[in-house]
Amino acid sequence: MKINSSEYLLKHKPILKQVVKSLSKDYPYVSILATDVTGTIYKTQMSETMVQDSSWCERGFVVRVHNGNHYSEFSFNEIPDTPDTNDQAKLIAGDIGDRIKKSLDALNPFPFEKNQFPVVDEQPITKSIREKVQITPEDIEPGEMISRLSKLKSQAQKISPSLIDLRVIYEYSKVSKMFISESKDMDQTYIWSQGYLIPIVRKDDNTKYIYQPFSGLKGYELLDELENSLTKAVEEAEQLLNAHRVEPGEYDIICSPDVTGLIAHEAFGHGVEMDMFVKNRAKAVEYINKQGASDLVTMHDGALSAREVSSYLFDDEGTLGTDTVIIDKGILKNGISDLLSAFQLKKTPTGNGKRESFERKAYARMTNTFFASGNDTLEDMITTVKFGYLLEKYSSGMEDPKNWGIQCMILYGREIIDGKLTGKLISPIIMTGYVPDVLKSVSMVSKNVVLSGSGMCGKGYKEYVKTSSGGPYIKTRARLG
Amino acid sequence: MIKRLKKLLNSTKDVNAWKIIGKEIQAEELFFIKNNLDMNRSKTVKHIYLTIYHDFKEDRNYRGSVSVRLHPTYSTKEVEDVINKCLLSIKHVRNEPYPLPKPAESSVRIPESRFVSKPIEDWLKPLSESLFQEDTFKNGCINSAELFLNREQTRILNSEGIDVSWSSYNGTLEVITEWNGGDEDVELYKLVHFSDFFTDNFPDIVKNQLTLCQDRSTAKPTPPMNAPVLLSGEPVQELLSYYLSQASAENVYNQISLAKPGESIQGEKITGDKINIHLEPYLENSIGSSAWDMDGFSLKPVSIIENGILKKYWGPLRFTHYLDSPPTGRVPNIVVSPGKQPVDEIRRDEYLEILSFSDFQCDPLTGDFGGEIRLAYYSPEKSGNNRYPVTGGSISGNIKNVQHELILSKETRVMDNFKGPEMIKLLNVSITGAE
């Protein structure tokens, strides 16, 4: 079913065009990103139910101008309540101009230098896209939604006597964005959904949990995936009650697709965000066109590289999405860029300029990041491991783009001895290592690529955006603790 | 909008109660690369958050609720549509009934921030100068920094008659320092929140970060060891927040925590320091300081844990009501009492003192903690002398296995919404070396 565009954005488009025209008299470059994101999160657990707007909901505008030196931005979310469109546009443009001037005046005389940026030279583009989902979540009766989520709770209780809670979450966001400048007129509308099963189990004082994520450019149909995975998720959580701590050391490891994705994301994804190149914060610069990984490793990122939660027509700076090959057979080839970083580095922008919301700055951010497939099978990989672990599910990761350390918090690992899974589990695990060492050690890569886009990605400890990541199973070596 | 909304809510039949939170934010943001201004941003936005409640009876009584955001550009028709949509959902939200807070005088005085004295854009220069004041090292510098200052006006109303409002300041500094004179160029990351202006605040942070960066540039790979682990700074807060999670009425109600008032929350046979935690509505420079929580509940200081014994659950009125526990509200600031040993004494034996992690985490549910080491000092000798910087590797453990013999330092530190021991000593932590 095709998704309807935001009536709000369409209604205000003539005003936005006039604002751009008006501000262009004073500034050599003006653009406006307008957003209207709606959505709902439904959550059930044993003792309560929650329904609220998705945390990704927003409606507002961000104006970017070239102020003669660098770029200034102003975020706002009110439109003056006057009947005439021309008057509204004049008032908005006047307010924006005043506010930008006031902020710049406050910086003069400024005790430090200001970077000089060239003016954006845009090619004319007019594009509009409305994506489809099978079942639009907005059309579903809330009673039906909550009833389906609640049923999973009672089913889960029958699966494990150790279960103390089952959190079931379904969330969707309908994203509508419009980008207007003198050369560009674009809008896009799409829906992404994500869901979680989080069974929590307890035996005596020992509490464990797992979460099974689901995501995609999907609608209400995502709930089918949650329902079909319930038994496996609860049984996995129960198995963790018997998990042991890992003996610290370096091991042969096989990473499941979500852990592979975490490595791709934290190791090379953040490391090739090109605003880090501009700041001289990226070790990756030293590896461009050099071997940074095993020749079995090819890595992509891009809004067009896969269909997941970060697939779009244009980014938050009005650059069309692309498919960037970051690593090609082990050779680090390209970074991913926002518009202004690409400017400074004299590169073509890759369409990775993303904002947490209209209220925040655009940075170079990942979209859909993954390692490409290989020719091996998981079964073959397991048979080659003398003593190691199959790592599954993660809770978080952290980048270190300058010094290329990597931290991955893994939920559990399955022990492998003499080429066979022993049934013994270790949990939790901290996987660490030096990025080139981990990736140069990749010795086997499986055929099927799986991506997941649940959760969110921060830059440092802020600026959270939707991304997806994934890959095939990979075999490598890393330190576990 | 709020006046219009109140009228609409009060005249809608199935809305039995409601809460409105209004926020008006004015912000200025500066982005630096080295000490060059790369971009400036400004913001003026309004947000309205509405929760409506509906009471109904099936097999028993329920109170359902739905929370939504109302954009300031919504027409009356759009607001009506949103409320009607909420009412469709709310009849399926079967939660135990609970009351909303009633109006109460606040006994807490929140001192005025220095930022009140002039418009926020006029603080950009003093804040920037303060940021770069100590950026004077030969081989190290501020690589990049982001400086945000928000002025926020918050108003909370509910159908019980609460109507409170206050102004606050919410500042953020993200600063990355680098050092280029060692074996390898290195950097460290720091995120700081502030609500007031102190001339020494940023210079002290930057100077300390640069000094740590210098040490990281000469750090050796962390060797494998079984030394006691010393944590300081943010990880102390992260680790001790486990106890707040255990004492949370919401977590107890949801069976995530089994903690009971009058019982030890720190395990048995405690040979180290016993935990004491109280919560404060006001803490200097904390962006969370407030006389009311986001339900409009009037906050007071409250003691939660005394000598390792849980005294009282804490949390929003809804969950303390469920547990028939005295109401506390969601008090924003955490104060942990210090221990008896000075830092110098704690450092007397062999230790691994970790100054910076990639991302230290303590799971509030399981008590598992750990993180990758970006910078630590290892002192291999029993005397505690001859320490040297190390990097790489990780630590991991479970708080339930270390809590009976943890040592809290006598010295305290204030960070964001936390005041507590400067240092914490942990035994039996698993250390993975990087060699």
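This one's a predicted model, so the numbers in the text were calculated from it and none came from an experiment.

**Q** Give me the lowdown on the domain arrangement of chain A, citing residues and values where you can.
**A** All names here are of chain A. Split into domains, chain A comes out as domain 1 (7-39 + 52-129), domain 2 (132-176 + 191-241) and domain 3 (249-480). With centres defined by C-alpha atoms, the gap from domain 2 to domain 3 works out at 26 Å. Taken together, the contact pairs 17 residues of domain 2 with 19 residues of domain 3. A buried area of about 1500 Å², summed over both sides, lies between domain 2 and domain 3, and 54% of it is on carbon and sulfur atoms. In this assembly, domain 2 and domain 3 are joined by two salt bridges. Of the charged contacts, one joins glutamate 236 and arginine 414 as a salt bridge, the two residues approaching to 3.9 Å between their closest N and O atoms. Viewed at the interface, domain 3 and domain 2 are joined by ten residue pairs in polar contact (both at pLDDT 80 or more). Counting only elements with at least two residues in the side of domain 2 that touches domain 3, the list comes to β7 (184-203), β8 (206-209), β9 (212-216) and α4 (222-239).

**Q** With reference to specific residues and values, describe the packing of helix α1 (residues 7-23) of chain A against helix α2 (residues 85-106) of chain A.
**A** Residue and element names in this part refer to chain A. Taken N-terminus to C-terminus, the directions of α1 and α2 make an angle of 50°; their axes are 9 Å apart at the nearest point. If you check the angle between α1 and α2, you find them oblique. As for how α1 packs across α2, the hand of that crossing is right-handed. Of the residues in α2, those in contact with Ile15, Gln18, Val19, Ser22 and Leu23 of α1 are Thr85, Asn86, Gln88, Ala89, Ile92, Ala93, Ile96 and Gly97. Per-class residue counts for the contact of α1 with α2 are seven nonpolar, six polar and no charged.

**Q** So what about the interface of chain A and chain B? Which residues, and what values?
**A** With 92 residues of chain A in contact, the opposing surface of chain B contributes 91 residues. Note on chain A versus chain B: buried area summed over both sides is about 7600 Å², and carbon and sulfur give 48% of it. Remark: the boundary between chain A and chain B carries 14 salt bridges. Where Glu184(B) meets Lys283(A), a salt bridge forms, and the shortest distance between an N and an O atom there is 2.8 Å. On inspection of chain A and its partner chain B, the count reaches 59 residue pairs in polar contact (both at pLDDT 80 or more). Sort the elements by how many residues they give to the side of chain A that touches chain B and strand β4 (residues 71-76) of chain A lands first, with six residues. Pairing of β4(A) with strand β2 (residues 36-57) of chain B involves six bridges; the strand directions are parallel. Looking across to β2(B), one finds that Ser72(A) is bridged to Asn40(B).

**Q** So what about the sheet that holds strand β11 (residues 309-310) of chain B? Which residues, and what values?
**A** Neighbouring strands of a sheet are bound in pairs by backbone hydrogen bonds; such pairs are parallel or else antiparallel. Residue and element names in this part refer to chain B. One open sheet accounts for six strands, arranged β11-β10-β9-β12-β20-β19; its pairing is mixed. Each edge of the open sheet carries a strand with a single partner, namely β11 and β19 (412-415). Alignment of strand β12 (residues 333-336) against strand β20 (residues 418-421), held across two bridges, turns out to be parallel. Note that in β20 the partner of isoleucine 334 across the bridge is phenylalanine 418. Sheet strands touched by helix α5 (residues 234-246): β9 (277-280), β10 (302-306), β12, β19 and β20. Its angle to β20, the strand with the most contacts, is close to 100°.

Calculation notes
- Residues numbered from 1 in each chain as written.
- Chains lettered and ligands numbered in written order.
- Predicted model: local features only at pLDDT ≥ 70, side-chain atom pairs only at ≥ 80, totals over all residues.
- Heavy atoms only, no water.
- Domains from an automatic or database assignment.
- Contact = heavy atoms within 4.5 Å.
- Buried area = accessible area lost by both parts, 1.4 Å probe.
- Salt bridge = Lys/Arg side-chain N within 4 Å of Asp/Glu carboxyl O.
- Polar contact = N/O pair within 3.5 Å; in protein donor to acceptor, adjacent residues only side chain to side chain.
- Helix = DSSP H or I, 4+ residues; strand = E, 2+ residues; numbered from the N terminus.
- Axes fitted to C-alpha atoms, helices over the stretch in contact; angles between N-to-C directions.
- Parallel < 35°, antiparallel > 145°, perpendicular 65-115°, else oblique.
- Left-handed = near helix turned anticlockwise from the far one by under 90°.
- Nonpolar A, V, L, I, M, F, W, Y, C, P; charged D, E, K, R; others polar.
- Pairing = 2+ DSSP bridges.

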